[in-house]
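# Coordinate inspection notes
Here's the letter readout for the chains.
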Amino acid sequence: MLLIHVSKHTPRVSYIFKQICKRNLGLEVDLTATIEPFIAHDGPKFSYGKQPLGKELYFQSTDLLYEHGLNDVEIQVKDWEETQCFFEVKHVNAALPFDIFAASFYLLSRYEEYLPHVKDDMGRFPATESLGYTHNFLEDPVVDVWVSKFKKVLLEKYPNLKFPEKNTLIMPVVSVSQTFVYKNKGILRSIGGGLRDLWNLQFDKLTSRTKVNLGLKKDPYNTFDFIIELQKKKKRKSKVLIGLGDYSTFEKNVGYNRLQHHIIIKHIADYIDVGLKASYDAIADVATLKKEKLRIENILNRKLQYALCSFFKLKLPEAYRNFIELEIGEDYSMGYPEHPGFRAGTCSPFLFYDLDYEVQTPLLIYSFCYNNLGEDGLIDLASVRKEISKYLDKVREVDGVFIPVFSNTLFSDLQDQAFWKSIFKFIWMSDDD
């Protein structure tokens, strides 16, 4: 067991030490604010405070973990070894030149997203407002890099300290806004779509639509057998997150109660974990979210575990509070749709900390680092693979979780099918380690 002496117990202190020491490094940890048991402890230990207690392993603290609520936090980002850091400390005996615990808490809690900021057209927190983007470390899982350096410091002091083995995971996520493009749309929507194809002289679409509705061709957006075949070849903890919201300006999927919709969702769930893509309206309205949650639970005959916000419209903390209220276990919305990188500075799962209530919640957050690959101007296969490999290498270096997000529509013959299937297969069949 690793014993840590802290100036005082706070929810923030408890949260971040358990996240770094237990969840990231796999160490059992105990905190104490009294000196006697710390001195008497003959196992691995260190102190965290303004001043060291003696000659022990010591990490100097800043104020963030002992504060409550939101304050204006002055941050100066500095280069450190091959990475960057902030919350610099000056004590000569400090094991690290910055407060790793406060800096990690700032990023994981998404402190900056609670502060006043400019929103994008959809009301989202844009990447360009983030500390990572403005200081050029968005593309690095800096928290995990810091944790690996913290681990090295611990081993230098306690070479017999044992850490459980940790492996890299590749976890592709498929977001399904439309299960079908032509099938099961109803008579009026089908006729309207056909007339629109005719008006726009899109005869190939009109022919495809007709063949699908006559049962002569598979719907182009029904690309799930491709994903299932990959799962049969190499098992992944992949997720398929499906929208079941009512038809609206933002939601264009077929009716949730269509039999063919149920059949295909159950078929996918026989091979891959299936969850909910919460609709645009459900993100901020717990009643609508509950309705959609019950829909997918009734189809799958199991409790909903995984969710993602449509358009990644993640407004904190309201969206996550709604997930927590309905006992949804895992979220896959933590990332930027317009920029690759690590929104929370990590590629390791972490529990959501609610800054308003100063409490750790049971909601487990998985950060994605890429969304619909290639949208940043990389249009040729070699460039996209190179970009993917760059992020895969970053994740492998810290034994994290690599999560790209795709749309099922990319694998259809209405898109550059061969290109996107090749990219997805390249990721799926890549080595984890």
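## With respect to the sheet that holds strand 3 (residues 45-49)
- Taken in spatial order, the four strands of this open sheet run 2-1-3-4, and their pairing is parallel. Since the sheet does not close on itself, it has two edges, and those belong to strand 2 (29-32) and strand 4 (58-60), each with one partner. When strand polarity is set aside, the average angle formed by the axes of neighbouring strands in this sheet is 20°.
- When strand 3 meets strand 4, the two strands line up parallel, connected through three bridges. Bridging from a neighbouring strand, G49 pairs with Q60 of strand 4.
- On top of the sheet, helix 1 (residues 11-24) reaches strand 1 (2-6), strand 2 and strand 3; it is set at about 150° to strand 2, its chief contact.

## Quick notes on helix 12 (residues 318-325)
- Within helix 12 the residues assigned to the buried category are A319, Y320, N322 and F323. Down the axis, helix 12 shows its buried residues gathered within 155° of arc, on one side only.
- At its buried positions, helix 12 is contacted by strand 10 (273-278), helix 11 (286-300), strand 11 (306-309), strand 12 (330-334), strand 13 (350-354) and strand 14 (359-367).

## Comments concerning the sheet that holds strand 10
- An order of 13-14-12-11-10-9-8-17-15 is seen for the nine strands of this open sheet, with the pairing classed as mixed. Bordering the open sheet on either side are strand 13 and strand 15 (370-371), each of which pairs with just one other strand.
- Examined bridge by bridge, strand 9 (residues 239-243) and strand 10 share five bridges and lie parallel to one another. The partner of K239 across the bridge, within strand 10, is D273.
- Against the sheet, helix 12 contacts strand 10, strand 11, strand 12, strand 13 and strand 14, and its axis sits at roughly 105° relative to strand 14.

## Here's the deal with a nonpolar patch on the surface
- Together, I35, I39 and L53 make up a nonpolar patch on the protein surface, roughly 270 Å² of accessible area in all.
- Structurally, I35 is set in helix 2 (residues 35-40).

## Side note on the pattern of salt bridges
- Tallying each qualifying case throughout the model produces 25 salt bridges.
- Note that K78 is salt-bridged to E88, the shortest N-O span being 2.7 Å. Note that K78 is positioned in strand 5 (residues 78-80) and E88 in the loop between strand 6 (83-85) and helix 3 (100-108), a separation of ten residues in sequence.
- Given the relative accessible area of 37%, E88 is considered partly exposed.
- Of the charged contacts, one joins K293 and E297 as a salt bridge, the two residues approaching to 2.8 Å between their closest N and O atoms. One end of the pair, K293, and the other, E297, are both in helix 11, four residues apart, so they sit about a helical turn from each other. This pair shows no difference in class: K293 is buried, exactly as E297 is.

## So, the packing of aromatic side chains
- The final tally for this structure, using the stated rule, is 39 aromatic pairs.
- Judged by centre distance (6.1 Å) and plane angle (80°), the ring pair of Y15 and F105 falls under edge-to-face. One end of the pair, Y15, is in helix 1; the other, F105, is in helix 3, and 90 residues separate them in sequence.
- With relative accessibility at 0%, the residue F105 sits in the buried group.
- Taking the centre distance of 5.4 Å and the plane angle of 65° together, the rings of F59 and F150 count as edge-to-face. Note that F59 is positioned in strand 4 and F150 in helix 6 (residues 142-157), a separation of 91 residues in sequence. Exposure class is identical for F59 and F150. Each is buried.
- Stacked on the ring of F38, the Lys or Arg K45 has its end atom at 5.0 Å from the ring centre.

## Some details on the pairing of strand 14
- Alignment of strand 12 against strand 14, held across three bridges, turns out to be parallel. Looking at strand 14, one finds that M334 is bridged to S367.
- As paired elements, strand 13 and strand 14 share four bridges and run antiparallel to each other. Pairing of Y353 across the sheet is with Q360, part of strand 14.
- Hairpin geometry of strand 13 and strand 14 is characterised by an intervening segment of four residues between the two adjacent antiparallel strands and by a positive phi of about 50° at E358.

## Quick word on the packing of helix 9 (residues 224-233) against helix 10 (residues 259-269)
- Relative orientation of the contacting elements helix 9 and helix 10 amounts to 15°, with a least axis distance of 10 Å. Classed by the angle they form, the pair helix 9 and helix 10 counts as roughly parallel. Handedness of the crossing formed by helix 9 with helix 10: left-handed. Here F224, D225 and I228 of helix 9 lie close against helix 10, whose contacting residues are I264, H267 and I268.
- For the contact of helix 9 with helix 10, the per-class residue count stands at four nonpolar, one polar and one charged.

How each quantity is defined
Residues numbered from 1 in each chain as written. Predicted model: local features only at pLDDT ≥ 70, side-chain atom pairs only at ≥ 80, totals over all residues. Heavy atoms only, no water. Pairing = 2+ DSSP bridges. Helix = DSSP H or I, 4+ residues; strand = E, 2+ residues; numbered from the N terminus. Axes fitted to C-alpha atoms, helices over the stretch in contact; angles between N-to-C directions. Contact = heavy atoms within 4.5 Å. Buried < 20%, exposed > 50% of the residue type's maximum accessible area, 1.4 Å probe, protein only. Arc of directions from axis to C-beta. Patch = residues over 30% accessible without salt bridge, like charges linked within 9 Å, V, L, I, M, F, W, Y side chains within 5 Å. Areas by Shrake-Rupley, 256 points an atom, 1.4 Å probe, with all protein chains shown as cover. Salt bridge = Lys/Arg side-chain N within 4 Å of Asp/Glu carboxyl O. Phe/Tyr/Trp six-rings, centres within 6.5 Å; stacked < 30°, edge-to-face > 60°. Lys NZ or Arg CZ within 6 Å of the ring centre and 35° of its normal. Parallel < 35°, antiparallel > 145°, perpendicular 65-115°, else oblique. Left-handed = near helix turned anticlockwise from the far one by under 90°. Nonpolar A, V, L, I, M, F, W, Y, C, P; charged D, E, K, R; others polar.

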